Amino acid sequence: MKVLSVNVGRPRPNPWKGIEATGIDKRPVDGPVLVTAPGPKGTGQVGLAGDRVYDVAHHGGPDQAVYAYAREALDRWEAELGRALRNGAFGENLTTSGVDVDDALIGERWRVGADLVLEVSCPRIPCGTFQGWLGEHGWIKRFTRAARPGAYLRVIEPGSVQAGDPLEVVHRPDHDVTVALTFRAGTLEPELLPRLLVADALAEDTREWIRRRLGMPVAGAAHDRPGEGR
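Just so it is clear, the structure is predicted and the values come from calculations on it, not from any experiment.

Criteria and cut-off values
- Residues numbered from 1 in each chain as written.
- Predicted model: local features only at pLDDT ≥ 70, side-chain atom pairs only at ≥ 80, totals over all residues.
- Heavy atoms only, no water.
- Phe/Tyr/Trp six-rings, centres within 6.5 Å; stacked < 30°, edge-to-face > 60°.
- Helix = DSSP H or I, 4+ residues; strand = E, 2+ residues; numbered from the N terminus.
- Buried < 20%, exposed > 50% of the residue type's maximum accessible area, 1.4 Å probe, protein only.
- Lys NZ or Arg CZ within 6 Å of the ring centre and 35° of its normal.
- Contact = heavy atoms within 4.5 Å.
- Pairing = 2+ DSSP bridges.
- Salt bridge = Lys/Arg side-chain N within 4 Å of Asp/Glu carboxyl O.
- Axes fitted to C-alpha atoms, helices over the stretch in contact; angles between N-to-C directions.

Trainee: Tell me what's going on with the packing of aromatic side chains, and back it up with residues and numbers.
Mentor: For the coordinates displayed, the defined rule picks out 12 aromatic pairs. Seen in terms of ring centroids, phenylalanine 90 and tryptophan 139 are 5.7 Å apart; in terms of plane orientation they differ by 70°. Their pairing is edge-to-face. One end of the pair, phenylalanine 90, is in the loop between helix H1 (71-81) and strand E7 (94-97); the other, tryptophan 139, is in helix H3 (residues 139-146), with 49 residues separating them in the sequence. Both residues of the pair, phenylalanine 90 and tryptophan 139, count as buried. Looking at arginine 148, its charged tip hangs above the ring of tryptophan 77, at a distance of 4.4 Å from the centre.

This is the structure we're talking about:
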């Protein structure tokens, strides 16, 4: 299990969402990149030095510090779409090899390289920017049906990451709530939502959204579905 590439965003205009810019255009970079816990959501900060998000209401912050997607999943999409997809094409910060990212458990921890420790927090939810960026008609529905969303991670211990770094799963919590299950529950299979609340490490805005959907009391005031796009 390893990191194939580390991808940092290049700001570009965002005609698909009515905001000035997007950071979805992630490109592989050479050498190590420092990864630290970002400031609160709403500031545009993410974990990788030199990267940021521009739809600050929905993206960034501690629970969406790093986005990982498996090269194996990109390869399946290449075959289905009939087109090449470079590392970073889905807006991911880390393109991995040998890791079933979608089968990772919420709260699972990864050691990446010598020092960096990341924790799986929630799946990515597709949005109009993602569909516009790929230029595939009906992409949001297609991506949702496939339930291969990739994972957002929070930073537990800061460190540097670079292409070729080994990736080791150092902790798996005692539940069965995977990234894919969380995604399916939040999109096409809402009957699964009650199963998610056993995952203590679930991103707080995701947890509040679930509780609201289930008619349970919530502490926060967020109303939008969390985790959309990049």
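So much for the structure itself; the text now carries on.
Trainee: Give me the environment of leucine 193: which residues, what numbers.
Mentor: As for its placement among the helices and strands, leucine 193 is situated in helix H5 (residues 193-196). Here leucine 193 falls in the buried class, since its relative accessible area comes to 2%. Sequence separation between leucine 193 and threonine 182 is 11 residues; the distance between their C-alpha atoms is 7.7 Å. Non-local contacts of leucine 193, meaning those with residues more than four positions away in its chain, are made with Ala185, Gly186, Trp209, Ile210, Arg213 and Leu214.

Trainee: Let's hear about the pairing of strand E1 (residues 2-9): which residues, and what values?
Mentor: With 6 of 8 residues buried, E1 is to be regarded as a mostly interior element. Pairing geometry for E1 and E7, over 4 bridges, is antiparallel. Bridge pairing in E7 links valine 3 to threonine 96. Bridge count between E1 and strand E4 (residues 26-28): 3 bridges; the pairing is antiparallel. Note that in E4 the partner of valine 8 across the bridge is arginine 27.

Trainee: Now, about the environment of methionine 1: what can you tell me, with residues and values included?
Mentor: Its place among the elements puts methionine 1 in the segment before E1. By relative accessible area, which is 48% here, methionine 1 ends up partly exposed. When the C-alpha positions of methionine 1 and isoleucine 106 are compared, they lie 18 Å apart, and in sequence the two are 105 residues distant.

Trainee: Before we move on, could you go through the pattern of salt bridges and cite the residues and values that matter?
Mentor: Pairing between side chains becomes possible if they bear opposite charge and their charged atoms approach one another. For the structure shown, the criterion picks out 15 salt bridges. Note that arginine 27 and aspartate 25 form a salt bridge whose closest N and O atoms lie 2.7 Å from each other. Residue classification places arginine 27 among the partly exposed positions, given a relative accessible area of 27%. A relative accessible area of 6% means that aspartate 25 is categorised as buried. Linking arginine 172 and glutamate 108 is a salt bridge whose minimum nitrogen-to-oxygen distance equals 2.5 Å. In this pair, arginine 172 sits in the loop between strand E12 (167-171) and helix H4 (179-186) while glutamate 108 sits in the loop between E7 and strand E8 (109-112), placing the two residues 64 residues apart along the sequence.

Trainee: I'd love a proper account of H4, names of residues and values included.
Mentor: In terms of burial, H4 is largely enclosed, as 7 of its 8 residues are buried. For H4, every residue scored as buried is listed here: Val179, Ala180, Leu181, Thr182, Phe183, Ala185 and Gly186. In the core, the buried residues of H4 are packed alongside strand E9 (116-123), H3, strand E10 (151-157), H5 and helix H6 (204-213).

Trainee: Explain the sheet that holds E1 residue by residue, including any values.
Mentor: Two pairing modes exist for strands in a sheet, parallel and antiparallel, and in both the strands are linked by backbone hydrogen bonds. Taken in spatial order, the 8 strands line up as E4-E1-E7-E6-E10-E9-E8-E12 in an open sheet, and their pairing is mixed. The two strands at the open ends of the sheet, each matched to only one other strand, are E4 and E12. Going from strand to strand, the sheet's axes swing by 40° on average, the running direction of each strand aside. Across the sheet, H1 is in contact with E1, strand E6 (66-70) and E7; its angle to E6 comes to roughly 60°.

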